[in-house]
Amino acid sequence: MPLAQTATTVPVTVNDDLCIADKGCTVCVDVCPLDVLRIAESEDGSKTAYMKYDECWYCMPCEADCPTGAVTVNLPYLLK
Amino acid sequence: MDEILDGLTQIDCDILVIGGGTAGPMAALKAKKKNPNANVVLLDKANVKRSGAISMGMDGLNNSVIPGYATPEQYTKEITIANDGICDQAAVYRYAQECYGIIQELDSFGIRFQKDQNGEYDVKKVHHIGTYVLPMPNGDTVKKALYRQLRKARINIINRYMATRMLTGEGRVAGAVCVNTRSAEFLVVRAKAVIMGLGAAGRLGLPTSGYLYGTYENASNSGEGYAMAYHAGAGLANLECYQINPLIKDYNGPACAYVAGPMGGYTANAKGERFIECDYWSGQMMQEFFDELQGGKGPVYLKLNHLAEETISEIERVLHIVERPTRGHFHAGRGTDYRKQMIEMHISEIGFCSGHSASGVFVDEHARTTIPGLYAAGDMANVPHNYMLGAFTNGAFAGLDAADFIADVDYASFDAGEVEAERTRVLAPTKRDDGIPPNQIEYKTRRLVNDYLQPPKVTAKMELAQKRFEEVREDMEQGMYVRDAHELMRALEASTILDCADMAAAASLYRTESRWGLYHNRVEYDRDDENWFCHTILTKGEDGKPAHRKQDVKPYVVEIAEDEKDAYYKQRVGASVAAE
Ligand SMILES: Cc1cc2nc3c(=O)[nH]c(=O)nc-3n(C[C@H](O)[C@H](O)[C@H](O)COP(=O)(O)OP(=O)(O)OC[C@H]3O[C@@H](n4cnc5c(N)ncnc54)[C@H](O)[C@@H]3O)c2cc1C
Ligand code: SF4
Ligand code: SF4
């Protein structure tokens, strides 16, 4: 029973230009109660936070605590 | 991160507090203050800085007993009546006597409450009878202030470990088994006393949006407190008294009549008419809400559009920044302006939560469970209508009592086989090559909860639920499959949710009467005080399935007059008022 690749749109977005994960920031990943954010490393070695799991309580600590205002919490599409 | 690693570490502490939301931090602080030499560990599945129901803040203290506004006797009486008399008053009365001291302490932490021009607490009336709601227009300070205190008191904080099973031995608590949510490594914590503050079972029913995490409760509260207490052999009280809340439709956050009510807002039907006299959440109020919808008079709304501009902007300011700050985005997305439209509400999914109802792990007025050395406080313990101040105050009681308990005991020895068995159970989904992912197990369980357990409760439907749950359990135990440590956390939660679903069905079938309005509305039975004026206590039976017994309600501390007993059943607005 292989698993399917069903796509899902995620409610939390990160502005690459503002995110300073490169400098070691992981604040949003640290505070999220559902633990759904991670840091991605692209081919050129630059790092950005992103939402890895679509399991969000739209509670907002990630947005509130981000030092650069890079995070935007939208509502999950299903309940928007 | 998230790669599954093999590892097991054991640590020792005097007091292990599980859950760093609301009750847990206060328990840890009080225990440490009373016994500064004690090694107190506060462990959380998330990060204590931003975990639990109060993650972003709170709009107010819903149940404060403040001298000049209310007395402990009045409060105890009101909560007893709101719970149809099924209430061991000692715990409620002690809370009512001591919560004012806790408010003052929170105030000294820098948490801001609303005060009038004279600097006195500005308490509002929302309940049916008394005056207990203390607004916190700057309630976003609460978690930060609490966290500062934890650091100051040098509490050992362990984040991102999920407790999965309690360890017991020598007839008392011995510690807990925990799993790292990002690496699947095990941590066995030996402790002389354990305090549980793991919050509500918030992922029991499925929200109508279909989004698994679109719950009323903080979705990290999946109900491990209930499942761990159950498997450890503790008693759980009145689980059939579900939590069901009147919420903003789809958004599933509180409409906040508690904030808007004192400023002139109210719950209305489609015609904009008031149909309940009191917006305080209770089973009886929810029954009226349900009847209005069933009677074709819905949707039901929170009505604010008759208020003055300055009142509306103040309500907006509070509701859109403090407790659930995405609420403003939600309304904006739908084009809802409080000045023009009413706010559509609906009935939430079911859950367990004493914060708003009355069910949970059975505790006495010291927050002691039925297992020596094991305490529970907050939404998961059965003290009715706890809310945030109840979590703080009962958490304090647990911490104080645990500090005494550890003075006379050493670690209880436990069977190492228990840890091994738990490792095998936890890791099973990592040992397969393919199978069913946890989100599908969870979705199916919760969808069945909605189909068969949601009130009005029907015997045949609940029995069907039990059959379906057994099938899902078989699938879960034989076929659940995870690819990383994060998914393993979800798998463990799925198993908790299934345990809670089993308990909800069993408890509801056992009490063959109707009680608590909609919360336990069993259509085939009327209320039956002769046979059911009692608690029901659910434990894990010899056969590994839920077992039940009745337990007497303790003699009242505060007497209730015959003509007061049904006050909460007089909720419906009379014809003359409705026409106002
Ligand atoms: C949206 C919302 C609005 C509310 N508004 C108000 C209000 O205005 N006024 C009021 O008085 N009350 C309000 N309440 C109720 C109040 O917030 C709660 O009753 C109270 O905060 C519960 O405290 P608790 O400690 O029991 O749970 P929580 O504060 O939720 O803490 C539970 C903790 O346990 C952790 N945890 C869960 N499972 C595990 C595990 N397996 N291992 C380790 N840790 C675990 C969680 O991460 C969390 O930190 C509201 C509740 C909600 C959800
Ligand atoms: S907190 Fe902000 S800056 Fe830091 S990693 Fe997250 S998005 Fe980037
Ligand atoms: S809104 Fe809450 S749950 Fe969603 S990513 Fe941010 S912190 Fe996590």
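Residues numbered from 1 in each chain as written. Chains lettered and ligands numbered in written order. Predicted model: local features only at pLDDT ≥ 70, side-chain atom pairs only at ≥ 80, totals over all residues. Heavy atoms only, no water.

Caption draft 1: Representation of the site of ligand 1 within the structure. Residue and element names in this part refer to chain B. Neighbouring ligand 1 are 38 residues, the closest being Thr 22, Ala 23, Asp 44, Gly 60 and Asp 379. Between ligand 1 and the protein, one listed contact pairs an oxygen atom with a side-chain N or O atom of Thr 22 at 2.6 Å. At a separation of 3.4 Å, an oxygen atom of ligand 1 approaches a polar backbone atom of Gly 197. Starting from 1000 Å² of accessible surface for ligand 1 in isolation, the protein chains cover 98%. Elements represented by at least two residues in the shell around ligand 1 include exactly β3 (60–61), β6 (161–169) and α10 (387–405). (Near = heavy atom within 4 Å. Polar contact = N/O pair within 3.5 Å; in protein donor to acceptor, adjacent residues only side chain to side chain. Areas by Shrake-Rupley, 256 points an atom, 1.4 Å probe, with all protein chains shown as cover. Helix = DSSP H or I, 4+ residues; strand = E, 2+ residues; numbered from the N terminus.)

Caption draft 2: Here's a closer look at the pattern of salt bridges. Overall, the coordinates contain 51 salt bridges over all chains when judged by the stated rule. In this structure, the salt-bridge partner of B:Glu422 is B:Arg425, at a minimum N-O distance of 2.9 Å. Placement of the pair is B:Glu422 and B:Arg425 together in helix α11 (residues 416–427), with a separation of three residues, close to one helical turn. Given the relative accessible area of 28%, B:Arg425 is considered partly exposed. Between B:Asp502 and B:Arg473 there is a salt bridge, with its nearest N and O atoms 2.9 Å apart. Taken as a pair, B:Asp502 in helix α14 (residues 485–510) and B:Arg473 in helix α13 (residues 459–479) lie far apart in primary sequence, 29 residues in all. Among the ionic contacts, a cluster of salt bridges with common partners joins A:Glu55, B:Lys45, B:Arg203, B:Glu224, B:Glu442, B:Arg446, B:Arg490 and B:Glu493. (Salt bridge = Lys/Arg side-chain N within 4 Å of Asp/Glu carboxyl O. Buried < 20%, exposed > 50% of the residue type's maximum accessible area, 1.4 Å probe, protein only.)

Caption draft 3: Looking closely at the site of ligand 3. Residues in contact with ligand 3 amount to 14 residues; listed here are only the nearest, A:Cys32, A:Cys56, A:Cys59, A:Met60 and A:Cys62. The class makeup of the residues in the shell around ligand 3 is 14 nonpolar, no polar and no charged. (Nonpolar A, V, L, I, M, F, W, Y, C, P; charged D, E, K, R; others polar.)

Caption draft 4: Representation of the sheet that holds strand β17 (residues 546–552) of chain B in the model. Residue and element names in this part refer to chain B. Reading across the sheet, the four strands line up as β14-β9-β16-β17 and stay open at both edges, with antiparallel pairing between neighbours. Whereas interior strands pair on both sides, the edge strands pair on one side only; in this sheet they are β14 (360–361) and β17. The sheet contact formed by strand β16 (residues 534–540) and β17 spans seven bridges and is antiparallel. The residue bridging Leu 538 from the neighbouring strand is His 548, located in β17. Helix α5 (residues 224–232) rests against β9 (236–237), β14, β16 and β17 of the sheet, and its axis sits at about 75 degrees to β16. Strands in contact with α14 are β9, β16 and β17; relative to β17, the strand with the most contacts, it is inclined by about 50 degrees. (Pairing = 2+ DSSP bridges. Contact = heavy atoms within 4.5 Å. Axes fitted to C-alpha atoms, helices over the stretch in contact; angles between N-to-C directions.)

Caption draft 5: Expanded view of the nonpolar core. Residues and elements named next belong to chain B. With 210 residues, the main nonpolar core has Leu 16, Ile 18, Met 166, Phe 352 and Leu 453 as its most contacted residues. Ranked by residue count, the leading element in this core is α14, at 15 residues. Of the domains in this structure, domain 1 (246–347) and domain 2 (424–552) are the two that each give at least three residues to this core. Contact partners of Phe 352, with chain neighbours within four places excluded, come to Ala 200, Ala 201, Leu 204, Tyr 226, Leu 239, Tyr 242, Gln 243, Ser 359, Cys 500, Met 503 and Ala 504. (Core = buried A, V, L, I, M, F, W, Y, C linked by side-chain atoms within 4.5 Å. Domains from an automatic or database assignment.)

Caption draft 6: Geometry of the sheet that holds strand β13 (residues 343–347) of chain B. Residue and element names in this part refer to chain B. Spatially, β10-β13-β12-β11 is the arrangement adopted by the four strands of the open sheet, whose pairing is antiparallel. A strand with exactly one partner marks an edge of an open sheet, and here the two such strands are β10 (246–248) and β11 (266–268). Averaged over neighbouring strand pairs, the angle between their axes works out to 40 degrees when direction is ignored. Where strand β12 (residues 300–303) meets β13, three bridges bridge the pair, whose relative direction is antiparallel. Each bridged residue has a counterpart across the sheet, and for Tyr 301 the counterpart in β13 is Glu 344. With respect to the sheet, helix α7 (residues 283–294) is in contact with β10, β11, β12 and β13, its orientation differing from that of β13 by roughly 110 degrees.

Caption draft 7: Molecular detail of the packing of helix α1 (residues 23–34) of chain B against α10(B). Residues and elements named next belong to chain B. For the pair α1 and α10, interaxial distance at closest approach is 7 Å and the crossing angle is 35 degrees. Both α1 and α10 take part in a crossing whose hand is right-handed. For the pair α1 and α10, the contacting residues are Ala 23, Met 26, Ala 27, Lys 30, Ala 31 and Lys 34 in the first and Ala 391, Phe 392, Gly 395, Ala 396, Gly 399, Leu 400, Ala 403 and Asp 404 in the second. A class-by-class count of the residues in the contact of α1 with α10 yields nine nonpolar, two polar and three charged. (Left-handed = near helix turned anticlockwise from the far one by under 90°.)

Caption draft 8: Summary view of the layout of surface pockets. Residues and elements named next belong to chain B. Here the largest pocket is characterised by a volume of approximately 1100 Å³. Residue assignment for the lining of the largest pocket shows that the elements contributing at least two residues are α12 (438–452) and α14. Sort the elements by how many residues they give to the lining of the largest pocket and α12 lands first, with five residues. Grouping the amino acids of the lining of the largest pocket by side-chain chemistry returns 14 nonpolar, seven polar and eight charged. A volume near 580 Å³ is recorded for the second largest pocket. Around the second largest pocket, the lining comprises 24 residues; the ones closest to its centre are Arg 473, Met 476, Glu 477, Asp 499 and Asp 502. Of all the secondary-structure elements, those providing two or more residues to the lining of the second largest pocket are α5, α11, α13 and α14. (1 Å grid on protein atoms, 1.4 Å probe; cavity = no way out; pocket = protein on both sides within 12 Å on 5 of 7 lines; lining within 4 Å. Points joined across faces, edges and corners; volume = space filled by probe spheres on them.)

Caption draft 9: Region of interest: the interface of chain A and chain B. Taken together, the contacts link 30 residues of chain A with 40 residues of chain B. Summing both sides of the interface, chain A and chain B together bury roughly 3100 Å²; the carbon and sulfur share of this comes to 56%. Counting across the chain A and chain B interface gives six salt bridges. In this structure, the salt-bridge partner of A:Lys52 is B:Asp2, at a minimum N-O distance of 3.2 Å. Between chain A and chain B we count 24 residue pairs in polar contact (both at pLDDT 80 or more) in total. Of all the secondary structure elements, the ones that give two or more residues to the side of chain A that touches chain B are α1 (27–31) and α2 (61–65) of chain A. Here the side of chain A that touches chain B is composed, by residue class, of 22 nonpolar, no polar and eight charged. (Buried area = accessible area lost by both parts, 1.4 Å probe.)

Caption draft 10: Up close: a negative patch on the surface. A cluster of acidic residues, A:Asp22, A:Glu41, A:Glu43 and A:Asp44, forms a negative patch on the protein surface. Relative to the helices and strands, A:Asp22 resides in the loop between β1 (12–14) and α1. (Patch = residues over 30% accessible without salt bridge, like charges linked within 9 Å, V, L, I, M, F, W, Y side chains within 5 Å. Lys, Arg positive; Asp, Glu negative; His and termini not counted. Charge placed at Lys NZ, Arg CZ, Asp CG, Glu CD.)

Caption draft 11: Spatial organisation of the pairing of strand β8 (residues 186–196) of chain B. All names here are of chain B. Counting buried residues along β8, ten of its eleven residues qualify, which places the element largely inside the surrounding structure. Bridge count for strand β1 (residues 8–18) against β8 is ten bridges, and the pairing is parallel. Residue pairing in the sheet places Ile 11 in a bridge with Val 189 of β8. As defined by bridge partners, strand β7 (residues 172–180) adjoins β8 across five bridges and the pair is classed as antiparallel. Residue pairing for β8: Ala 176 is matched across the bridge by Val 189. Between the end of β7 and the start of β8, which pair antiparallel, lie five residues, with Ala 184 showing a positive phi angle near 65 degrees. When β8 meets strand β15 (residues 374–376), the two strands line up parallel, connected through three bridges. By the bridge assignment, Met 196 is partnered in β15 with Ala 376.

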